[in-house]
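So the chains spell out like this:
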Amino acid sequence: MSSVPQVHVPLRPLWLCRACGMPWPCATARLTLLADYRESRVALSIYLAGMLYDAVDDLYRLDPHNVPKPASLHERFLGWAAPRTPRPPETSAR
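Throughout what follows, the structure given in this document is the object of discussion. (Residues numbered from 1 in each chain as written. Predicted model: local features only at pLDDT ≥ 70, side-chain atom pairs only at ≥ 80, totals over all residues. Heavy atoms only, no water.)

## Observations regarding the side chain of Asp58
We count it as follows: Here a helix means four or more residues in a row that DSSP labels H or I, a strand means two or more in a row labelled E, and each is numbered from the N terminus. Accessibility here uses a 1.4 Å probe with only protein chains present; expressed as a share of the type maximum, an area under 20% marks a residue as buried, one over 50% as exposed, and anything in between as partly exposed.
For Asp58, the location among the structural elements is in helix α2 (residues 41-62). Here Asp58 falls in the buried class, since its relative accessible area comes to 11%.

## What to know about the environment of Cys20
The following threshold applies: The criterion used for residue contact is that any of the two residues' heavy atoms lie within 4.5 Å.
Of note, Cys20 is situated in the loop between β2 (16-17) and α1 (27-36). Since its relative accessible area comes to 39%, Cys20 is described here as partly exposed. On a C-alpha basis, the gap between Cys20 and His8 in space is 7.3 Å, while along the polypeptide they are 12 residues apart. Dropping the residues within four chain positions of it, Cys20 is found in contact with His8 and Cys26.

## Remarks on unusual backbone geometry
Most peptide bonds adopt trans geometry, and most residues besides glycine take a negative phi value. At the junction of Arg12 and Pro13, the peptide bond is cis and its omega measures out at 10° in the coordinates. Relative to the assigned elements, Pro13 resides in the loop between β1 (10-11) and β2. In this structure, Pro25 follows Trp24 across a cis peptide bond, with omega equal to 0°. Within the secondary structure, Pro25 sits in the loop between β2 and α1.

Set out below in C-alpha cells:
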C-alpha cells in the first residue's frame, strides 16, 4: 500500500489545514510557502493577502458574530511572512 503525501492546503470555508487540522496556514504550509516563494517575498505577500481576503469572507459567512479579530487574522496570514529587518544597534550618546 503506497502512502499519499499530505498537502497542507486550506479546507474552506473553515480555513483549517486539510492535512493536520490546524488553522491554515499551519507550520508546514508556512515552510512550504516560504520555499515556493523564496525568490519573491512580495509575491508571497500578495498571495497571502488574497487568501486573507477570502478567509475573512468565508469566516464571516459561517458565523458573523464569531469572526477572529482583524489583528489576529493579519498575523495568521501575513504577519509571519513579512521579512524581518534587524534593528540597528543602539549607540550611546556621549
